[in-house]
Every structure is written in C-alpha cells, then in structure tokens.
Amino acid sequence: MSSETFESVWDAIEDTPAEAENMKLRSTLMMALEQHIRAKGWTQVEAARRLGVTQPRVSDLLRGKIDLFAIDTLVNMVAAAGLHVEVQIREAA
C-alpha cells in the first residue's frame, strides 16, 4: 500500500487541479459567510434578507452544501454581507 500526501482534501478528491482550486475557493467563501452570520447572530431569515437570497439558500449554505453554490454567487453574498474578498495567487506546490 502506498501513501500519498496532499496539501488539501480537495487535491485528494477532485479529478483535476482546476476543480480542486475551484472547491478551495468555494469552501473558503462559504466558511467566511457562515462565520460572519454566526458572529452577527443573524437568524436564517435575517441573513437571507441581508444577503439577497432566500432562507432555504442560507440553510444550504450553513449546512455546507457546496455543490449548490458557484463562486460568483458566493462573492455576491460576501459583498452583500459587507465583507471584502481578496485573492492571492502563487506558484503551485
């Protein structure tokens, strides 16, 4: 049995490096939104109103349903929450 190590779980489970990078970005955005919602003490209804989405969308976000969210949707939600996104690009390991 050989053991392979990965920088991220996404690197291990996604088929291509591009898919892994996409998932890393989406998960980072989702976690930031979840932390912000919880820190503000928003209910799902209030979060939905502030983010410009429906309450079921907020529920999906808080339950980690990453496959239901595109990067652009998450960036829009982050901006609506009053947060700022910065991107850092570097050489792949």
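Refer to the structure printed above.
Residues numbered from 1 in each chain as written. Predicted model: local features only at pLDDT ≥ 70, side-chain atom pairs only at ≥ 80, totals over all residues. Heavy atoms only, no water.

J.: Residues and numbers for helix α5 (residues 71-80), please.
T.: Looking at α5, one finds that the buried residues are Leu74, Met77 and Val78. The buried residues of α5 all sit within an arc of 100° when viewed along its axis, so they share a single face. In α5, those exposed residues whose orientation departs by more than 90 degrees from the buried face are Asp72, Asn76 and Ala79. Considering only its buried residues, α5 is in contact with α2 (17-40), α3 (44-51) and α4 (55-62). (Buried < 20%, exposed > 50% of the residue type's maximum accessible area, 1.4 Å probe, protein only. Helix = DSSP H or I, 4+ residues; strand = E, 2+ residues; numbered from the N terminus. Arc of directions from axis to C-beta. Contact = heavy atoms within 4.5 Å.)

J.: Describe the layout of surface pockets, listing the residues and the values that go with them.
T.: When its volume is computed, the largest pocket comes out at roughly 780 Å³. Residue lining of the largest pocket: 23 residues in total, with Glu21, Lys24, Leu25, Gln88 and Arg90 positioned closest to the centre. At the level of secondary structure, the elements contributing two or more residues to the lining of the largest pocket comprise α2 and α5. Looking at the lining of the largest pocket, the element that brings in the most residues is α2, giving seven residues. When grouped by side-chain class, the residues that make up the lining of the largest pocket number 13 nonpolar, three polar and seven charged. (1 Å grid on protein atoms, 1.4 Å probe; cavity = no way out; pocket = protein on both sides within 12 Å on 5 of 7 lines; lining within 4 Å. Points joined across faces, edges and corners; volume = space filled by probe spheres on them. Nonpolar A, V, L, I, M, F, W, Y, C, P; charged D, E, K, R; others polar.)

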